[in-house]
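Observations on chain architecture
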Amino acid sequence: MKDDRQWPMAAKNYANTRYSSLDQINAGNVGQLKLAWSFSVGPARGQEAAPLAVNGTVFVVAPYDGPNPNQVFALDAVTGDLKWSYAPKPNIAAKGVACCDVVNRGLAYDNGKIFLNTLDDYSVAIDANTGKELWHTKLGDINQGETVTMAPIVVKGKVLVGNSGGEMGVRGWLTAVDETSGKIAWRAYSTGPDSEVLIGDDFNPHYGWLKGKDLGVKSWPPDKWQIGGAGVWGWISYDPDLNLIYYGTANPGAWNHEARPGDNLWSSSLFARDPDTGMAKWAYAVGPHDLWDYDEINENILLDLPINNQTRKVLVHPGRNGFMYVIDRATGEVLSADPFDTVNTIKSIDLKTGRPVLNDELTPKLGKTVKDVCPASPGAKDWQPAAWSPRTKLLYVPHQHICMNFQTSEVGYIAGTPYVGATVDMFAGPGGHRGEFMAWDPVARKKVWSITENFPVWTGALVTAGDLAFYGTMDRWFKAVDAKTGQVLWQFRAPSGFVGQPTTFIGNDGVQYVAMMSGVGGWPGVVANAEIDPRVRNGALGFTGAMQDLPAQTVGGNSLLVFALPKTQGAATQPNQTNPGASNQGNAPTGQSNHAQ
């Protein structure tokens, strides 16, 4: 992870910064960036995976579709030559219980092995040199609605994997698998008794209302915790000094909150756990008794920041609820929480209690449509990960800008079928745009600059020592912007829209490359790659209404795109050879940069 020639895991490093110290490609020469090679991974579904690069080999995984679902490819980083591929033997029925497209968010590398999560609930180890399967372990049951879409992470010899399926009434968990044997080391459930949530005597949350025995049962109606959702399908961070992993849990099931009175712990919460045992050190409920499907699975970026003239070990959590949290990662104390997008569901976060101060006027009730709710169920930001630059001291946040009308309904639980209880109609937020790429100062607690985009910015971010930030748009643009100012310096028009994660690395030729998957999909983009009628506004759990015009801009795709400077440029290119606003297609940039005051 410390060798920036490599990109060994989706988040780049345990702190989840997605920052690279590489600077061959910089703000002065990025205008000459060209496509070096490309590769098709097969199925034209949502390409959310982060391409990995280790020792001159690029590793990428396909979505769960086509003749070889979740196929893994190893490619030469310089030439694009295929070294090997691995195709698991999947249960095709998993497609029927996937809530929001059949995506996969990436692989992980450790000790000569590639680790894969398959949609049908297996964790797999593959020899990174040969593509030979070393072991596979079943972790869940698709008949219960469980799937796995998250990228694994390896900590101290354990592969950490969580489940998806909150819309199917699953019971969320995080599981640790021994990376050598494939045997399950421990499992921590998100709901239920302390013995199964792995809460012991040394569990010490900062806030008093989170202390007590078996709150994962008592904060639910009888037995509802067993189908309470709270999956673990997002990002995991690790602090080696504190020996703690950090992650968030998803929404409670069902979306109809009147079916589950109580705080519904530990859904929509953050956990700090010992990776050796799985035991929880602290937890913080970001959204107790969640009303709106505000999963809090988003990344927790581990930083040391000056807070009130004192350096604090913090995690920065861009919340789905629209608040940017800065939290002491040793104790779970919320140090600050500020809105970064339009929010009317929550008035503020009470720092004394840690609880959100809700806007009671918008509380859903059966038979009533609550209108103009902001943010919508995907939140102000979903899974798409932000990046942090230690050079600019800014966080680069891709996110959406969407509101909704929301109506709850009665719902019953049947294993392996949708368990939602709400009808949603989403639309663009104030101003008419649906996405934004912004730079946020977590110390000053404010937006520094932003670029508005027509569609949600559903890709991850990448930032480099070349003072460049990279991201993609759903209408097929891959962009590099000045990390200090937000000026668009380069953009590339791709075959399909972007919902993936950009990465960068050095090939065996000593050249810096930038890689990105092109292929629209995911929750907002499935209307463009699957059999969904765009005229039905509440399709795709309500996202179709906000994306009815997407099929006119792009269709599905399946391309890995790898970029580099021309061989005559590379590291020798002088910083003053700039080409602001350049596009290799000759089109002007579509995003608008706004400097926040």
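The structure contained in this document is the topic of the report that follows. Here the structure is a predicted model, which means the values were calculated and not measured. (Residues numbered from 1 in each chain as written. Predicted model: local features only at pLDDT ≥ 70, side-chain atom pairs only at ≥ 80, totals over all residues. Heavy atoms only, no water.)

**Topic: the overall build of the protein**
Defined as follows: A run of DSSP states H or I qualifies as a helix once it reaches four residues; a run of E qualifies as a strand once it reaches two. Both are numbered from the N-terminal end. To get the radius of gyration, use the C-alpha atoms; to get the globule rule, take the number of residues to the power 0.38 and multiply by 2.2 Å. Three labels apply to residues, based on accessible area from a 1.4 Å probe with only protein chains included: buried if under 20% of the type maximum, exposed if over 50%, partly exposed otherwise in between. Per-residue accessibility takes into account occlusion by the displayed protein chains alone, with areas from the Shrake-Rupley method and a 1.4 Å probe. None of His or the chain ends enter the tally, which takes Lys and Arg as positive and Asp and Glu as negative. To locate a charge, take NZ of a lysine, CZ of an arginine, CG of an aspartate or CD of a glutamate.
For the protein, the helix and strand inventory stands at 3 helices and 40 strands. Its C-alpha atoms give the protein a radius of gyration of 22 Å, near enough to 25 Å, the size a compact globule of 597 residues would have. With the C-alpha coordinates aligned to their principal axes, the bounding extent of the protein is approximately 70 × 55 × 55 Å. Taken across its 597 residues, the protein has 66% of its residues classed as buried. Per element, the accessible surface of the protein, about 19,400 Å² overall, is 48% carbon and sulfur. Within the protein, the 57 negative side-chain charges are centred at a point lying 2 Å from the centre of the 49 positive side-chain charges.

**A word on the pairing of strand β28 (residues 402-408)**
The test is simple: For two strands to be treated as a pair, DSSP must find no fewer than two bridges joining them.
Across the 7 residues of β28, 6 count as buried, placing the element largely inside the fold. In this structure, strand β25 (residues 369-373) lies alongside β28, joined through 3 bridges in antiparallel fashion. Note that in β28 the partner of Thr369 across the bridge is Gln407. Examined bridge by bridge, β28 and strand β29 (residues 422-428) share 7 bridges and lie antiparallel to one another. What sits directly across from Cys403, in β29, is Phe427.

**Some details on the sheet that holds strand β4 (residues 57-61)**
Rule in force here: Note on geometry: axes are C-alpha line fits, over the in-contact stretch for helices, and angles between N-to-C directions span 0 to 180 degrees.
Here 4 strands make up an open sheet; going across it, the order is β3-β4-β5-β6 and the pairing antiparallel. Among the strands making up the open sheet, the edge pair consists of β3 (52-54) and β6 (82-86). Direction aside, neighbouring strands of the sheet carry axes that sit 20° apart on average. Bridge count between β4 and strand β5 (residues 72-76): 5 bridges; the pairing is antiparallel. Each bridged residue has a counterpart across the sheet, and for Phe59 the counterpart in β5 is Ala74.

**Quick look at the nonpolar core**
Inclusion rule: Remark: nonpolar core denotes a set of buried residues (Ala, Val, Leu, Ile, Met, Phe, Trp, Tyr, Cys) joined through side-chain atoms within 4.5 Å. Contacts are residue-level and defined by heavy atoms, with any inter-residue pair within 4.5 Å sufficient.
Core analysis: the biggest nonpolar cluster contains 57 residues, and Leu160, Trp266, Tyr284 and Tyr325 have the highest contact counts within it. The greatest single-element share of this core, amounting to 5 residues, is contributed by strand β18 (residues 280-285). In this structure Trp266 touches Ser190, Thr191, Val197, Ile199, Phe203, Leu210, Leu215, Gly216, Ala230, Thr249, Phe271 and Ala283, once residues within four positions along its chain are discounted.

**Points about the state of the cysteines**
Filter applied, for reference: Cysteine sulfur pairs qualify as disulfides if the two atoms are within 2.5 Å.
Summed over the entire model, instances satisfying the criterion amount to 2 disulfides. The partner cysteine of Cys99 in its disulfide is Cys100, sulfur to sulfur 1.9 Å. Between the sulfur atoms of Cys374 and its disulfide mate Cys403 the distance is 2.0 Å. Between Cys374 and Cys403 the sulfur-sulfur dihedral comes to about 110°; the bridge is accordingly right-handed. Linking Cys374 in the loop between β25 and β26 (387-389) with Cys403 in strand β28, this pair joins segments that are 29 residues apart in sequence. Across the pair, exposure class does not vary: Cys374 and Cys403 are buried alike. What links to what in the protein: the bonded cysteines, counted in sequence order, pair as 1-2, 3-4.

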